[in-house]
Amino acid sequence: MAAASDAFQKVQIHRDDTTFDAYVVGKENAPGIVVLQEWWGVDFEIKNHGLHISQMNPGFRALIPDLYRGKVGLDVAEAQHLMDGLDWQGAVKDIRASVNWLKANGSSKVGVTGYCMGGALSIASAVLVPEVDAVVAFYGVPSSELADPSQAKAPVQAHFGELDNFVGFSDITAAKSLEEKLKRSGVPYEVHIYPGCAHAFMNTSPDGVKRRKAMGMDDENPAATDLAWSRFRSWMGAYLLSP
């Protein structure tokens, strides 16, 4: 856990009348990817994901913005409370500032990815943040008040677990509805559904697995996780590495 955190450089990003911390890892001048937290906040697992992304061949520069301004939910009730209290429009502004920070600091193209709450925000960024070059979203769909995916401007790849029971947010019905809207957007898109997988199936660290089990999610499917990462790499590679 400590090892993942040690790899990151902490930077401060300004937008409007606020400043937030962000955690950056990966080689300068590589394509950038903004990595968006789950409802827990910027914790060990989102840093694991950021580190993993930065080490993918041929290398990306990952940046995790702290959308909760330092707060972390240690249990479901706290995480729910933090997510309920989030200013979603403000979070989209944080994402835009993060994308532009990467573009100003050596990344000529920048994608956005996220998990759970961050997945929903990454799809919203495809609609609302014109500087985004590609999006990969994991198990989260934005509310229609925040963003309409049929208005997406950047290519979107989305991943969902077939057994996900967060109704209307990341269950199979939400995934199918997202697919219909992306079809209307005219941008390149893929929606992948993973049989036998529940919500947050990308969380495979020992602590991440323990936390999922405590929430009643016992599925472990390394092949699905590997396949999702491989699709992530192909998608981001296609849109961020091309001239």
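The name given to the protein chain in an unreviewed UniProt entry is Protein usf-like, with Cocos nucifera as the source organism.

S.K.: How would you sum up the sheet that holds strand E7 (residues 156-161)? Please name residues and give values.
M.R.: Remark on secondary structure: sheet strands pair via backbone hydrogen bonds, oriented parallel or antiparallel. Spatial ordering of the open sheet is given by E1-E2-E4-E3-E5-E6-E7-E8, a layout of eight strands whose pairing is mixed. A strand with exactly one partner marks an edge of an open sheet, and here the two such strands are strand E1 (9-15) and strand E8 (189-194). For this sheet the average axis-to-axis angle between neighbouring strands, irrespective of direction, equals 20°. Relative to strand E5 (residues 110-115), strand E3 (residues 32-36) runs parallel, the two sharing five bridges. Looking at the pairing, Val34 lines up with Val112 of E5. With respect to the sheet, helix H6 (residues 172-185) is in contact with E7 and E8, its orientation differing from that of E8 by roughly 165°. Docked against the sheet, helix H8 (residues 222-240) engages E3, E5, strand E6 (134-138), E7 and E8, running at close to 165° with respect to E6.

S.K.: Give me the lowdown on the side chain of Ser185, citing residues and values where you can.
M.R.: Inspection of the secondary structure assignment puts Ser185 in helix H6. Within the structure, the side chain of Ser185 is placed 2.6 Å from the backbone oxygen of Leu182, a separation counted as a polar contact. Beyond its immediate sequence surroundings of up to four residues, Ser185 is in contact with Pro149, Ser150 and Ala152.

S.K.: Please give an account of the layout of surface pockets that cites residues and values.
M.R.: Taken as a whole, the largest pocket holds about 220 Å³ of empty space. As for the largest pocket, its lining consists of 13 residues, and the residues nearest its centre are Leu67, Tyr68, Gly85, Leu86 and Asp87. Mapped by element, the contributors of at least two residues to the lining of the largest pocket are helix H3 (76-84) and helix H4 (88-104). Sorting elements by how many residues they give to the lining of the largest pocket places H4 first, with three residues. Tallied by class, the residues present in the lining of the largest pocket amount to five nonpolar, three polar and five charged. If you trace the second largest pocket, you find 15 residues lining it, with Phe201, Thr204, Glu220, Asn221 and Thr225 closest to the centre. Within the residue set of the lining of the second largest pocket, elements represented by two or more residues are helix H7 (206-214) and H8. Of the residues belonging to the lining of the second largest pocket, the class tally is five nonpolar, four polar and six charged.

Cut-off values and rules
- Residues numbered from 1 in each chain as written.
- Predicted model: local features only at pLDDT ≥ 70, side-chain atom pairs only at ≥ 80, totals over all residues.
- Heavy atoms only, no water.
- Pairing = 2+ DSSP bridges.
- Helix = DSSP H or I, 4+ residues; strand = E, 2+ residues; numbered from the N terminus.
- Axes fitted to C-alpha atoms, helices over the stretch in contact; angles between N-to-C directions.
- Contact = heavy atoms within 4.5 Å.
- Polar contact = N/O pair within 3.5 Å; in protein donor to acceptor, adjacent residues only side chain to side chain.
- 1 Å grid on protein atoms, 1.4 Å probe; cavity = no way out; pocket = protein on both sides within 12 Å on 5 of 7 lines; lining within 4 Å.
- Points joined across faces, edges and corners; volume = space filled by probe spheres on them.
- Nonpolar A, V, L, I, M, F, W, Y, C, P; charged D, E, K, R; others polar.

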